[in-house]
Structure formats: structure tokens, C-alpha cells
Amino acid sequence: MSQVPSAPRAPRRAFFRRATAALGAVAATPILAQVQSPSTPEAAPLTVPDWSRQPGEPVLWHPYGQPSEHERHVVRRSRGNAPFPGAASSMTPLADLFGIITPTGLVFERHHAGIPQIDPDQHRLVIHGLAKRPRVFTMDDLLRFPSVSRIHFLECSGNTGTEWRTPTSANVQLSHGLLSCCEWTGVPLSVLLDEVGIAPEARWILAEGADGAAMSRSIPVHKAFEDALVVYAQNGERLRPESGYPLRLFLPGFEGNMSIKWLRRLKIGTEPFQTREETSKYTDSLPDGTARQFTFLMEAKSVITRPSPGQVLRQRGFHEISGLAWSGLGRVKRVEVSVDGGRQWREAQLQEPVLNRALTRFSLGWHWDGSPAVLQSRVIDETGYVQPTREQLIAARGLNSLYHYNAIQSWQLSADGSLKNVHA
């Protein structure tokens, strides 16, 4: 039997000589001199910093945990164009996040009449209409039912709506920040409907919130039985007031406006209830003067979060392109990335877990040579739906809509490493 030839020994000896010399140089440096030298990482990487020479903060220094003060820039922001403070939105800082779960304190907000402060002991959920056994539920009643927890994204149908005509958003938070992904815990709506019993002719359910706007939407009965949740917890804790405390509806994959916060009433009927929010609002105007109504599903979409506008590539060489992809139709199947404005595409790696109607993190290794580039991503979901270009979307729907913009997003990278939002 032939033997594998041994590796040359000279390079190994040279390596050990260099390593020994380096260790000797470190040993020759007095430890006291290291401790007393200026605490600048570039000048003395082994210097013991001040925070390592004294006890830290005590346990429970914040009874409810808070981020480091060095992360105080990672906050929700608003475009600042609200007609009044109670009718506004704030946006998730997607470019500063990792993984797929949005921290509870950074989940985007969209309110129409402010945030009601509700006593859970006084809050009630009424289910009536075409119900055989109409019922009023307390929060204690709901907590007694078997619960489920699921991870899903939540997206406002107005997310990226400013991108229809011009690339106005200065960063990914302002362009795509009406998007979050959380673990939602509650009771399947199907369980509550079985509890009250619905009439055979029932086709629609009116969901109404307890806020000052009495936010209301018509929900198809089939969706209620498919995967709708009546939610009281988010990311392992009770809902925050801005997320619907103490109770909200959650409809996976549907536009966020339908997941009614501060849920107080479900009325079962045979027809859509034609509320303000599904007639004058949340409809899609088309070029021929007609409008699409009940466009519930949030179709497949993706965005590169690193690198993105507001960030700077300071060195040439290897960089990881990373972003998020999602689809209201199911799971993400594939994500492709282009660095030349869509002329060539490479398949990105999908990071586990890849969940149904949840954000999926993708990444692609890339060597930047310092030349200008246009970064794009496109997603294909498990149904075969391909994220469209802006031109394809406008050809199908025109430019009169404010909702359901899911075109491929472009970031232009300049030779100086800066990025900006462009239509490419």
C-alpha cells in the first residue's frame, strides 16, 4: 500500500520560530505597563480597560432589562408626516437587527386614534351575529383555553408605499420599516367560533377594536378557521399597549390593518361589512378608474439590510450581503442577489429556520473591488411567485395606489463606499 507523502517540515519550523519570537516579545512587556497604558484598542489591544478593573452594575439594576446605552440609536422612527399624533406610524430599524425576530420594543406601530390604556380586568370580547350561542369572554376566560405560539411576520400594506414614484426614503428603516416578525401566543379563532357555533350561511366576520377610531375590518370566515389567532402575548410576554394590549386579532400573511388591535367585538354575518377601512381606505386604485378591494395577501418581498443606505463600506474585499425575505403565501423557497442592477443573479443562502409566513434571513458572500455597484434581491416563494420589478408592477397596477408595493429594491453603492436608494 502506498503511503501519503509527509508535508515539508521547513515551513512548520519557520512558523514555530515566528510564534516563539512573538510570545517572547509579549512576555518581555511588563504587565503593569500594559495596565497603565492608554486604553486605545489600536495602540494596545491587550490593555486592561477600566470596566475590567472594577465591579459592574448590580443584579436588577434595571428590573426590566434594557439595551446598552451604546445601542440607543436603535429605535423606532417616524417619517413625521402624521395629521395628528394619534394617527401616525413608527418604523422598525431593520438594518440594525439580526436574525428574524423583532424585539418587542422595536415592533413598528400604526395607529388611527392613539393608544388606548385598557384595564384587562374590564376588557371584554363579544362574539355575536350569526352565532348559535353568543358569548362575552373575559381575559380570564380566554386564558383558560388551550394556547398556541407561532412565529409570523406582520406588515402594513402601506409599507414601501413611498417607493411607487420616486426613491424618497433615505434608509431601509424608512422604506421598509412597517414590518416586524414576532412569536405570537393566543387562542386559535377557530376554537372560539366552535365554542359559540356559527350559522351555516356565515361567510364574513366583522372585527372591531376598542380604540377611539373603532378600527374595523371584514374577515373571511375561511381565514378565521384556517390560521387566525386571538392573541394576548408577543415574544413571550403580554402584548405591549401599542401592539394591542390586552387582546388583538392576528391574521398571518394578511395586511397588517386586518390584525385588529385592542379587539373587542367579532360579529358574524353573510356579507362584507364595507367599513371605512375597506372602502375609502386600504383599496388599490387602478389606471382605468376602478379599484381592487379586499387585497388581503401580502405578496412575496425582500430587501437587503446590510449593506444599505445609512451604512458605509470602509474597505474593499469580502463583505456579507444580508437581508430579509417573506411571503404571505407561505414559505420562502429561494432568494437571489444581484450586484449589477439585475443583469446577473446569484442564489443566496437561506438561514434556518425557514418558516411559514415568517421573515427569512438570507446572506451571500461578496468581494467588493471598489467599483460602483447596484445591489438588489428578489425572492421566489413556495407557490412559484417571483418578486416583480418596479416596471412589471406599474404595468399591472399603474401609479395611483398607496398599497401593496412589493417591487425589487435597489441600493446604489458608490466607489467611496456610501449607498443610496435608487430606481434601477
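Residues numbered from 1 in each chain as written. Predicted model: local features only at pLDDT ≥ 70, side-chain atom pairs only at ≥ 80, totals over all residues. Heavy atoms only, no water.

*Asks:* What is the right way to read the overall build of the protein chain from this model?
*Replies:* Within the protein chain, the secondary structure is distributed over 7 helices and 23 strands. Residue pairs at least 24 apart in sequence account for 70% of intrachain contacts in the protein chain once pairs closer than 6 positions are excluded. Carbon and sulfur atoms form 54% of the exposed surface of the protein chain, whose accessible area is close to 21,500 Å². (Helix = DSSP H or I, 4+ residues; strand = E, 2+ residues; numbered from the N terminus. Contact = heavy atoms within 4.5 Å. Areas by Shrake-Rupley, 256 points an atom, 1.4 Å probe, with all protein chains shown as cover.)

*Asks:* What's the story with the sheet that holds strand 15 (residues 301-306) in this structure? I'm lost.
*Replies:* Within a sheet, neighbouring strands are paired by backbone hydrogen bonds and run either parallel or antiparallel to one another. Pairing in this open sheet of 4 strands is antiparallel, and the strands run 15-16-20-19 from one edge to the other. A single partner strand is all that each edge strand has here, and the edge strands are strand 15 and strand 19 (349-350). As judged from the 9 bridges shared by strand 16 (residues 317-326) and strand 20 (residues 360-368), these two strands associate in the antiparallel manner. Considered in strand 20, the bridge of Gly323 is made with Phe362. (Pairing = 2+ DSSP bridges.)

*Asks:* Is there a simple way to explain the nonpolar core in this structure?
*Replies:* Soluble, globular proteins show a tendency: their nonpolar side chains are buried together. Counting residues in hydrophobic clusters, the biggest one holds 35 residues, and the most contacted among them are Leu125, Leu189, Leu192 and Leu249. Those elements that place two or more of their residues in this core are strand 3 (124-129), helix 3 (139-144), helix 5 (189-196), strand 7 (204-209), helix 6 (221-226), strand 9 (229-234) and strand 12 (263-269). Per-element accounting of this core gives the leading share, 4 residues, to helix 5. Residues contacting Leu192, with those up to four places away along its chain left out, are Leu125, Ile127, Phe137, Leu142, Phe145, Val187 and Val230. Counting 32 residues, the second largest nonpolar core, distinct from the first, contains Val172, Leu179, Trp411 and Leu413. (Core = buried A, V, L, I, M, F, W, Y, C linked by side-chain atoms within 4.5 Å. Buried < 20%, exposed > 50% of the residue type's maximum accessible area, 1.4 Å probe, protein only.)

*Asks:* Looking at this structure, I do not really get the sheet that holds strand 17 (residues 332-338). What am I missing?
*Replies:* Here 5 strands make up an open sheet; going across it, the order is 18-17-21-22-23 and the pairing antiparallel. Sheet topology places strand 18 (346-347) and strand 23 (419-422) at the edges, where each strand pairs with a single neighbour. For strand 17 and strand 21 (residues 373-381), the ladder comprises 6 bridges, and the chain directions are antiparallel. If you follow Ser338 over to strand 21, its bridge partner there is Gln376.

*Asks:* Quick question: what am I supposed to make of the confidence of the model for the protein chain here?
*Replies:* Caution applies to low-pLDDT parts of the model: their predicted coordinates are not meant to be read in detail. Taken residue by residue, the protein chain gives an average pLDDT of 91. The fraction at 70 or more is 90%. Scored below 50 in pLDDT, residues 1-39 shows 12 contacts in the model against residues more than four places distant or in partner chains. (pLDDT = per-residue confidence, 0-100.)

*Asks:* Quick question: what am I supposed to make of the packing of aromatic side chains here?
*Replies:* One pair of aromatic rings is described through two measures. These are the centre distance and the angle between the planes. As enumerated under the stated definition, the model contains 8 aromatic pairs in all. An angle of 45° between the planes, with centres 5.6 Å apart, marks the rings of Phe294 and Phe296 as tilted. In textbook terms, an aromatic cluster arises when at least three aromatic residues are bridged by ring pairs, as seen for Trp204, Phe254, Phe294 and Phe296. Over the ring of Phe254 we find Lys223; its NZ or CZ atom is 4.4 Å from the centre of that ring. In this structure, Arg378 packs its charged tip against the face of Trp345, placed 4.2 Å from the ring centre. (Phe/Tyr/Trp six-rings, centres within 6.5 Å; stacked < 30°, edge-to-face > 60°. Lys NZ or Arg CZ within 6 Å of the ring centre and 35° of its normal.)

*Asks:* Help me understand helix 7 (residues 390-397) in this model?
*Replies:* Note that an α-helix has 3.6 residues per turn; residues three or four places apart therefore point the same way. Those residues of helix 7 that sit buried are Arg390, Leu393 and Arg397. Down the axis of helix 7, the buried set is contained in an arc of 65°. They therefore lie on one face. Turned more than 90 degrees away from the buried face of helix 7 sit Ala395 and Ala396, all of them exposed. Positioned one or two residues after helix 7, Gly398 has a phi angle of 75°, which is positive. (Arc of directions from axis to C-beta.)

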